[in-house]
Amino acid sequence: MKDATPVRERGEDDLAACVAVLHAVHLAAGYPTVWPDDPASWLGHGAGGRAWVAERSGRIVGHVALVRPAADDVAPSLLRHEPAAVVSRLFVDPAARGLRVGARLLARAADEAHVRGARAVLDVVTTDTAAIALYERLGWTFLGTGRQRWSPTVSVTVRCYAAPAVSPSLPRETP
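Keep in mind it's a predicted model, so treat the numbers as computed, not measured.

Conventions used here
Residues numbered from 1 in each chain as written. Predicted model: local features only at pLDDT ≥ 70, side-chain atom pairs only at ≥ 80, totals over all residues. Heavy atoms only, no water. Buried < 20%, exposed > 50% of the residue type's maximum accessible area, 1.4 Å probe, protein only. Helix = DSSP H or I, 4+ residues; strand = E, 2+ residues; numbered from the N terminus. Pairing = 2+ DSSP bridges. Right-handed = clockwise from strand over helix to strand, strands pointing away. Salt bridge = Lys/Arg side-chain N within 4 Å of Asp/Glu carboxyl O. Axes fitted to C-alpha atoms, helices over the stretch in contact; angles between N-to-C directions.

Student: How do you make sense of the pairing of strand S4 (residues 84-92) when you look at a structure like this?
Tutor: Burial analysis of S4 places eight of its nine residues in the buried class, the great majority of the element. Across three bridges, S4 lies against strand S5 (residues 119-125) in parallel orientation. When the bridges of S5 are listed, Ala-84 appears paired with Arg-119. In this fold, the crossover linking S4 to S5 by way of helix H4 (residues 101-115) has right-handed handedness.

Student: It is not clear to me how the pairing of S5 should be interpreted in this structure. Could you clarify?
Tutor: The buried count for S5 comes to six of seven residues, which makes it a mostly enclosed element. Relative to strand S7 (residues 155-162), S5 is paired through five bridges, and the arrangement is antiparallel. Residue pairing across strands places Leu-122 opposite Tyr-161, the latter belonging to S7.

Student: What exactly am I supposed to notice about the pattern of salt bridges here?
Tutor: Close approach of charged atoms allows side chains with opposite charge to pair. All told, the structure shown has nine salt bridges when counted by the stated rule. A salt bridge links Arg-50 to Glu-112; the nearest nitrogen and oxygen atoms lie 2.9 Å apart. Taken as a pair, Arg-50 in strand S2 (residues 50-56) and Glu-112 in helix H4 lie far apart in primary sequence, 62 residues in all. Of the charged contacts, one joins Arg-119 and Glu-82 as a salt bridge, the two residues approaching to 3.2 Å between their closest N and O atoms. With Arg-119 in strand S5 and Glu-82 in the loop between helix H3 (74-78) and S4, this residue pair connects regions lying 37 residues apart in the sequence. Taking relative accessible area as the criterion, Arg-119 reaches 13% and is therefore assigned buried. Residue Glu-82 is classed as partly exposed on the basis of its relative accessible area of 34%.

Student: Would you explain the sheet that holds S7 in this entry?
Tutor: For sheets, the rule is that strands pair by backbone hydrogen bonds, running either parallel or antiparallel. An order of S1-S2-S3-S4-S5-S7-S6 is seen for the seven strands of this open sheet, with the pairing classed as mixed. Only two strands of the sheet have a single neighbouring strand rather than two, namely strand S1 (7-9) and strand S6 (141-149). Ignoring strand direction, the axes of neighbouring strands in this sheet form an average angle of 30°. Sheet analysis places S1 next to S2, joined by three bridges and oriented antiparallel.

Student: Even after reading the chapter, I still don't get unusual backbone geometry, so can you show me in this structure?
Tutor: If a residue is not glycine, its phi is most likely negative; likewise, a peptide bond is most likely trans. Cis geometry marks the peptide bond from Tyr-31 to Pro-32, where omega comes out at 0°. The topology assignment puts Pro-32 in the loop between helix H1 (15-29) and helix H2 (39-42). Unusually for a residue other than glycine, His-81 sits at a positive phi of about 60°. With respect to the secondary-structure elements, His-81 resides in the loop between H3 and S4. A positive phi angle, near 70°, is found at Arg-100, a position not held by glycine. Tracing the chain through its elements places Arg-100 in the loop between S4 and H4.

None of the figures reported here should be taken as evidence of function without further support.
Written out as structure tokens, the structure reads:
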């Protein structure tokens, strides 16, 4: 049986649809905390990154990126004695919540980190209880809390997590 929510690498022509989903997420859940001036650029890969999208019925319903840690990232600093790769720009269309889209995207990012010889880490604002519940339900390890600067004027308290030591691999997308 073919998976109803394939995950594939994001292409440049996916950005407009990703921005539309991100806007719906922002209106429904306040993510991102600070709406970017240029959302398409904000979704960029970042340093050494890759990004993937999830689709249902030919429509993008989720997004995740995996990037190298930045000097001021809190989560990698809490992961002792292991290289880290940072899960970033994870969001799921509010209409697709509860369909395991987030789980599939996280598994794809964690698998890629494992291929790179690293462990996937992420941070989440302490008030995002739905995301926290998802990470904990999926077996991500709580590393601790810290203050993360998200803009020159916004600093937030975040909870930091690491992917399970053995990646919860799901079937890979087909090329």
